[in-house]
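The chain contents come next:
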Amino acid sequence: LAELMNGIISFIGLGSNMDDPQARCLEAIGHLEKVKKSTLLRRSSFYRTEPVGLTNQDWFINAVVELRTALSARELLAELQAIENLMGRSRIVKWGPRVIDLDILLYGQEIIEEADLTVPHREMHKRRFVLEPLYELAPYAIHPAFGVSVAGLRKRLGDVSRVELLNKGQV
Ligand code: A4P
Ligand code: MG
């Protein structure tokens, strides 16, 4: 139990636009609650978001959760990929429809640049569907590569794609 008391604070982005996206995000949160050596601290509201990148697809549900974890970033990535696989994620189209996408947005104040792991997530500062839910949880969190808060990134954001807060009760 003691190991649950310390660890790194990580923010994880969730996205889905297939097979009842709200249910899929809730299902993923259920799995995230069970990740070893970790405690799920908080989750953001759910947001209905216009697709970015590949625009000819259904709108997404996006959310962010805060996890305290004693796993390394690489171990955490493996856990997230195991959840994606468990939920039947198939990787067919880059930026295309997905049952669930789990991204490590922030892992403490660490900066990681490896072939298969970039932290902070390389697109997070450009994406309203990430920054709105992250702002709800952690407006003062600092992006360690830019030295700018989430509030600051959100204020500077050029992304004009639509991001709508789902009312409580809709989820
Ligand atoms: N990877 C590297 N860094 C990380 C990290 N910090 N967290 C690697 C997670 N994974 C990371 O991801 C490809 C590889 O990224 C992984 O093998 C991992 O080693 P993937 O999920 O298999 O492939 P993908 O989904 O095609 O790419 P990616 O980068 O996850 O897609 P994006 O950039 O996240 O874009 N519009 C809205 N409104 N909402 C969305 O959620 N999502 C996308 C997906 C596009 N448009 C969207 C949304
Ligand atoms: Mg991903």
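Preceding this section is the structure that the text describes.
Our subject in this report is the structure included herewith.

Criteria and thresholds
Residues numbered from 1 in each chain as written. Chains lettered and ligands numbered in written order. Predicted model: local features only at pLDDT ≥ 70, side-chain atom pairs only at ≥ 80, totals over all residues. Heavy atoms only, no water. Helix = DSSP H or I, 4+ residues; strand = E, 2+ residues; numbered from the N terminus. Rg over C-alpha atoms; globule rule 2.2 N^0.38 Å. Buried < 20%, exposed > 50% of the residue type's maximum accessible area, 1.4 Å probe, protein only. Contact = heavy atoms within 4.5 Å. Areas by Shrake-Rupley, 256 points an atom, 1.4 Å probe, with all protein chains shown as cover. Polar contact = N/O pair within 3.5 Å; in protein donor to acceptor, adjacent residues only side chain to side chain. Phe/Tyr/Trp six-rings, centres within 6.5 Å; stacked < 30°, edge-to-face > 60°. Lys NZ or Arg CZ within 6 Å of the ring centre and 35° of its normal. Lys, Arg positive; Asp, Glu negative; His and termini not counted. Salt bridge = Lys/Arg side-chain N within 4 Å of Asp/Glu carboxyl O. Donors = N, O, S within 2.8 Å, 3.2 Å for Na, K, Ca; no water. Core = buried A, V, L, I, M, F, W, Y, C linked by side-chain atoms within 4.5 Å.

1. What about the overall build of the protein chain?
For step 1, the next point in the chain: In terms of helices and strands, the protein chain carries five helices and ten strands.
For step 2, the next point in the chain: Scaling as 2.2 N^0.38, a compact globule of 171 residues should have a C-alpha radius of gyration of about 16 Å, and the protein chain matches this with 15 Å.
For step 3, the next point in the chain: By its C-alpha atoms, the protein chain is 45 × 35 × 35 Å across when sized along the principal axes.
For step 4, the next point in the chain: The burial tally for the protein chain puts 47% of its 171 residues in the buried class.
For step 5, the next point in the chain: Partitioning the contacts of the protein chain with sequence separation of at least 6, the portion at a separation of at least 24 is 68%.
For step 6, the next point in the chain: Surface summary for the protein chain: the accessible area is close to 8900 Å², and the carbon and sulfur share equals 51%.

2. Remarks on the side chain of Asn 17
For step 1, the next point in the chain: Counting through the fold element by element, Asn 17 comes out in the loop between β1 (8-16) and α2 (21-32).
For step 2, the next point in the chain: Within the structure, the side chain of Asn 17 is placed 3.1 Å from the backbone oxygen of Asp 58, a separation counted as a polar contact.
For step 3, the next point in the chain: In this view, Asn 17 contacts Gln 57, Asp 58, Trp 59, Phe 60, Pro 97 and Arg 98; residues no more than four positions away in its chain are not counted.

3. Digging into the packing of aromatic side chains
For step 1, the next point in the chain: Counted by the stated rule, this structure contains zero aromatic pairs.
For step 2, the next point in the chain: Between the NZ or CZ atom of Arg 43 and the centre of the ring of Phe 46, over which it lies, the distance is 4.5 Å.
For step 3, the next point in the chain: A cation over a ring is seen here: Arg 154 above Tyr 135, with NZ or CZ 3.9 Å from the ring centre.

4. So, the side chain of Asp 159
For step 1, the next point in the chain: You can see Asp 159 is positioned in the loop between α5 (150-156) and β10 (163-165).
For step 2, the next point in the chain: Of the side chains with opposite charge, Arg 128 comes closest to the buried, unpaired Asp 159, at an N-O distance of 5.4 Å.
For step 3, the next point in the chain: Among the polar contacts made by the side chain of Asp 159, one reaches the main-chain amide nitrogen of Arg 128 at a distance of 2.8 Å.
For step 4, the next point in the chain: Within the structure, Asp 159 has its side chain in polar contact with the side chain of Ser 161 (distance 2.8 Å).
For step 5, the next point in the chain: Those residues in contact with Asp 159 that lie beyond four places of it in its chain are Val 52, Lys 126, Arg 127, Arg 128 and Phe 129.

5. Quick word on helix α4 (residues 128-137)
For step 1, the next point in the chain: The buried fraction of α4 is high, at eight of ten residues.
For step 2, the next point in the chain: Taken together, the buried positions of α4 are occupied by Arg 128, Phe 129, Val 130, Leu 131, Glu 132, Pro 133, Leu 134 and Leu 137.

6. Things to note about the coordination of the magnesium ion (ligand 2)
For step 1, the next point in the chain: Only Asp 101 (OD) and Asp 103 (OD) from the protein reach the magnesium ion (ligand 2) as donors, at distances of 2.2 to 2.4 Å.
For step 2, the next point in the chain: Overall, the relative accessible area of 17% leaves Asp 101 in the buried class.

7. Quick notes on the pattern of salt bridges
For step 1, the next point in the chain: One pass over the full model with this rule turns up ten salt bridges.
For step 2, the next point in the chain: Its salt-bridge partner being Glu 66, residue Arg 42 comes within 2.7 Å of it at the nearest N-O pair. Pair noted here: Arg 42 is in strand β2 (residues 38-43) and Glu 66 is in strand β4 (residues 60-69), with a separation of 24 residues, a long-range link.
For step 3, the next point in the chain: Residue Arg 42 is classed as partly exposed on the basis of its relative accessible area of 36%.
For step 4, the next point in the chain: With its nearest N and O atoms 3.3 Å apart, the salt bridge here joins Arg 162 to Glu 50. Of the two residues, Arg 162 is situated in the loop between α5 and β10 and Glu 50 in the loop between β3 (47-49) and β4; the sequence distance between them amounts to 112 residues.

8. Looking at the nonpolar core
For step 1, the next point in the chain: Counting residues in each nonpolar core, the largest one holds 28 residues, and the members touching the most others are Leu 14, Leu 32, Leu 76 and Ile 104.
For step 2, the next point in the chain: Within the residue set of this core, elements represented by two or more residues are β1, α2, β4, α3 (73-86), β5 (101-107) and β7 (117-119).
For step 3, the next point in the chain: If near-sequence neighbours (up to four positions away) are discounted, Leu 76 is found in contact with Ser 10, Ile 12, Leu 67, Thr 69, Leu 71, Ile 104 and Tyr 107.

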